[in-house]
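# Coordinates in review
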Amino acid sequence: MNKIAIFDFDETLVKENSLSFLFKYFLGNKPLFIYLLPILINYRVYIGAIKKIIKCRLYKVSLNKKSQQQVFQAGVDTAKKLTPIQPVVDRMMSLHAQGVEIWIITASPQRFIEGIVDELKWPVKRVIGTLLIADNKVLNGLIGEECQIEEKVVRFNLLTKEENFQCTVEEAYGNLPVDIPMLGLAQKKFCVKDGKLSPFFRH
């Protein structure tokens with residue numbers, strides 16, 4: 001039976017939200033809001049869907065006609081700009097030294113985070129993240145179901161079932177409240193807030 005530990009990425013292993021770095025990598029130094037002006041006429045902005053609409057718009061304008069390899073390289077080039085949360089990274093390294101497999105489950109694009117992890121040389125066995133949709137191996141700027149909240153659990157369970165991967169999740173690390181479903185996969189649960197690590201006990 002494999003032993004694994006699961007980590008969220010943004011604001012868990014690093015202080016920043018890495019997605020903004022991905023968008024700026026392809027769009028340059030212009031303020032991101034410039035690319036959002038066309039959506040202001042979208043009526044859905046005013047009925048609670050604004051965050052999703054903004055994110056989808058930025059994915060579309062930044063990743064359309066790009067390749068998966070370019071997204072991976074964006075991760076490589078972004079890695080050194082991020083600030084690791086050292087207590088969590090230290091725990092990750094300690095678990096790895098004990099023979100526990102390290103997995104990251106993140107809402108950020110899977111290939112982007114794989115590039116970051118590769119550059120940082122972290123001992124991550126697998127990254128599960130939001131998948132980017134391609135036509136004939138060329139990205140079209142669309143994404144699959146965002147790998148967040150309950151979808152993290154869905155993706156984890158689907159992958160382990162498809163691969164008949166037998167494991168126990170020893171520990172999980174994430175943010176509250178969005179990562180509560182993912183933390184539920186583990187025997188020991190930890191939350192990260194403002195760079196500080198603490199046990200999570202659900203009441």
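All of the points below concern the structure found in this document. (Residues numbered from 1 in each chain as written. Predicted model: local features only at pLDDT ≥ 70, side-chain atom pairs only at ≥ 80, totals over all residues. Heavy atoms only, no water.)

### Regarding the sheet that holds strand 7 (residues 188-193)
The condition is simple: Think of it this way: DSSP has to see at least two bridges between two strands before they count as a pair. Put simply, DSSP marks the helices as runs of H or I at least four residues long and the strands as runs of E at least two long, and each gets a number from the N terminus on. Under this scheme, a helix contributes an axis fitted over its contacting stretch, all axes are lines through C-alpha atoms, and angles between N-to-C directions fall in the 0 to 180 degree range.
Read from one edge of the open sheet, 6 strands run 3-2-1-6-7-8, paired in mixed fashion. Either end of the sheet is taken by a strand with one partner, and the two such strands are strand 3 (124-130) and strand 8 (196-199). Going across the sheet, the axis of each strand differs from the next one's by a mean of 25°, ignoring polarity. Bridge count for strand 1 (residues 2-7) against strand 2 (residues 101-109) is 4 bridges, and the pairing is parallel. Bridge pairing links Ala 5 to Ile 102 in strand 2.

### Comments concerning the packing of helix 1 (residues 19-27) against helix 3 (residues 68-78)
This is how it is decided: Should an angle fall under 35 degrees it is called roughly parallel, over 145 degrees roughly antiparallel, and 65 to 115 degrees roughly perpendicular, with every other angle called oblique. A clockwise turn of the near helix away from the far one marks a right-handed crossing, whereas an anticlockwise turn of less than a right angle marks a left-handed crossing. Whether two residues touch is decided by their heavy atoms; if any such pair falls within 4.5 Å, the residues are in contact.
Axis separation between helix 1 and helix 3 bottoms out at 10 Å; the angle between their running directions is 110°. Overall, the two elements helix 1 and helix 3 adopt an arrangement that is roughly perpendicular. In terms of crossing hand, the pair formed by helix 1 and helix 3 is right-handed. On the side of helix 1, the interface is formed by Phe 21, Leu 22, Tyr 25 and Phe 26, while helix 3 contributes Gln 70, Val 71, Gln 73, Ala 74, Asp 77 and Thr 78.

### Quick notes on the packing of aromatic side chains
We apply this condition: Here a pair means two rings of Phe, Tyr or Trp (six-membered ring of Trp) with centres within 6.5 Å. Their orientation is stacked below 30 degrees between planes, edge-to-face above 60, and tilted elsewhere. Each residue's exposure class comes from its accessible area (1.4 Å probe, protein chains only) as a fraction of the maximum for that residue type: buried when under 20%, exposed when over 50%, partly exposed otherwise. Here, a charge over a ring is recorded when the distance from Lys NZ or Arg CZ to the ring centre is within 6 Å and its angle to the ring normal is within 35 degrees.
For the coordinates displayed, the defined rule picks out 7 aromatic pairs. Ring geometry for Phe 9 against Trp 122: centres 6.4 Å apart, planes inclined by 55°, an arrangement best described as tilted. Separated by 113 residues along the polypeptide, Phe 9 in the loop between strand 1 and helix 1 and Trp 122 in the loop between helix 5 (110-120) and strand 3 bring together distant segments of the chain. Their ring planes at 35° and their centres at 5.4 Å tell us that Trp 103 and Phe 165 sit as a pair that is tilted. Of this pair, Trp 103 sits in strand 2 while Phe 165 sits in the loop between helix 6 (150-162) and strand 6 (167-174), and the two are 62 residues apart along the sequence. When sorted by exposure, Trp 103 lands in the same class as Phe 165, which is buried. Across the ring face of Trp 103, the terminal group of Arg 126 is positioned such that the distance to the ring centre comes to 5.1 Å.

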